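Examining the three-dimensional arrangement
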Amino acid sequence: MLLDETECQLVLVDYQERLMPAIFEGAMVVENARRLAKLAKLLDIPVWGTEQNPSRLGANEAELRALCDKTLSKMHFSAVSEGLSEWLRPPAKPVSGNARSLPKHLQKSQQQSAPERNSVVIAGCEAHVCLLQTALELLDDEFDVWVVTDACSSRTERNRDAAFDRLAGAGAELVTTEMVAFEWLRSCEHPDFKDMLALVK
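A short tour of the structure in this document, coming up. Only a predicted model underlies this, so the values are computations on that prediction, with no experimental measurement involved.

1. Let's talk about the pairing of strand β4 (residues 119-124)
In terms of residue burial, β4 counts as a mostly covered element, since six of its six residues are buried. In the sheet, strand β1 (residues 8-13) pairs with β4 via six bridges, with the strands oriented parallel. Across the sheet, the residue bridging to Leu-12 is Ala-123, located in β4.

Shown next as structure tokens:
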């Protein structure tokens, strides 16, 4: 099963100023998150950010925050508990105009919302706390969850790796930044291929 750019959304969890200096391989993790967000922007894939208790931990890294369509401030470790699922799966738009006078089969086609983007590509910190809890609750909400391992970390390597083991066991797909990039494009003939190569190399 390959990622389909038209079915994806990107969620970037808690790359916060005061947290990142303590994160194992933190600089690499943030750089990969930036790559993902820039590529998502090229492909018109929605990008959502979260910040855990920002009054204590600060905002997300500035460039990354600017690449997000919206950023959810949260106190729960799982962003789903604070409404992330509603951002990822917005309610259907109400019917406009005098639809009741139309035959039922036409009314139904007007009520359909934009195609669902049910695949959530997610990365962030700390992998064994906020990322893990958010990803597990997204799985419970019946999203397909793809965890970008080289854009995730924790303060210790052991905690990070334990999170990956648990996520894989729960049904999340473990991928890398380059896997995501090449699957979103699928072909060297894609119009954004050269821009993507510049981002990943």
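2. Some remarks on unusual backbone geometry
Cis geometry is adopted by the peptide bond preceding Glu-126, which originates at Cys-125 and carries an omega value of -20°. In this fold, Glu-126 is placed in the loop between β4 and α6 (127-140). Residue Asp-14 is not a glycine yet carries a positive backbone phi of 55°. Within the element layout of this structure, Asp-14 appears in the loop between β1 and α1 (26-42). Judged by relative accessible area, which is 1%, Asp-14 ranks as buried. Phi angles above zero are rare outside glycine, and Arg-186 is one such case at about 70°. Here Arg-186 shows up in the loop between α8 (177-185) and α9 (193-200).

3. Quick word on the nonpolar core
The nonpolar side chains of a soluble globular protein tend to be buried with one another. Membership of the largest hydrophobic core comes to 63 residues, with the highest contact counts inside it found for Leu-12, Tyr-15 and Trp-184. The dominant element in this core, judged by the number of residues it contributes, is α6, at eight residues. Among all residues touching Trp-184, those that are not within four sequence positions of it are Leu-3, Asp-4, Glu-5, Cys-8, Leu-36, Leu-39, Ala-40, Leu-43, Ile-45 and Val-121.

4. Here's the deal with the environment of Asp-192
Structurally, the position occupied by Asp-192 is in the loop between α8 and α9. Along the backbone, Asp-192 and Leu-39 are 153 residues apart, and their C-alpha atoms lie at a distance of 8.8 Å. Once you skip the residues sitting within four places of it in the chain, Asp-192 turns out to touch Leu-42, Leu-43 and Leu-185.

Basis of the calculations
Residues numbered from 1 in each chain as written. Predicted model: local features only at pLDDT ≥ 70, side-chain atom pairs only at ≥ 80, totals over all residues. Heavy atoms only, no water. Buried < 20%, exposed > 50% of the residue type's maximum accessible area, 1.4 Å probe, protein only. Helix = DSSP H or I, 4+ residues; strand = E, 2+ residues; numbered from the N terminus. Pairing = 2+ DSSP bridges. Core = buried A, V, L, I, M, F, W, Y, C linked by side-chain atoms within 4.5 Å. Contact = heavy atoms within 4.5 Å.

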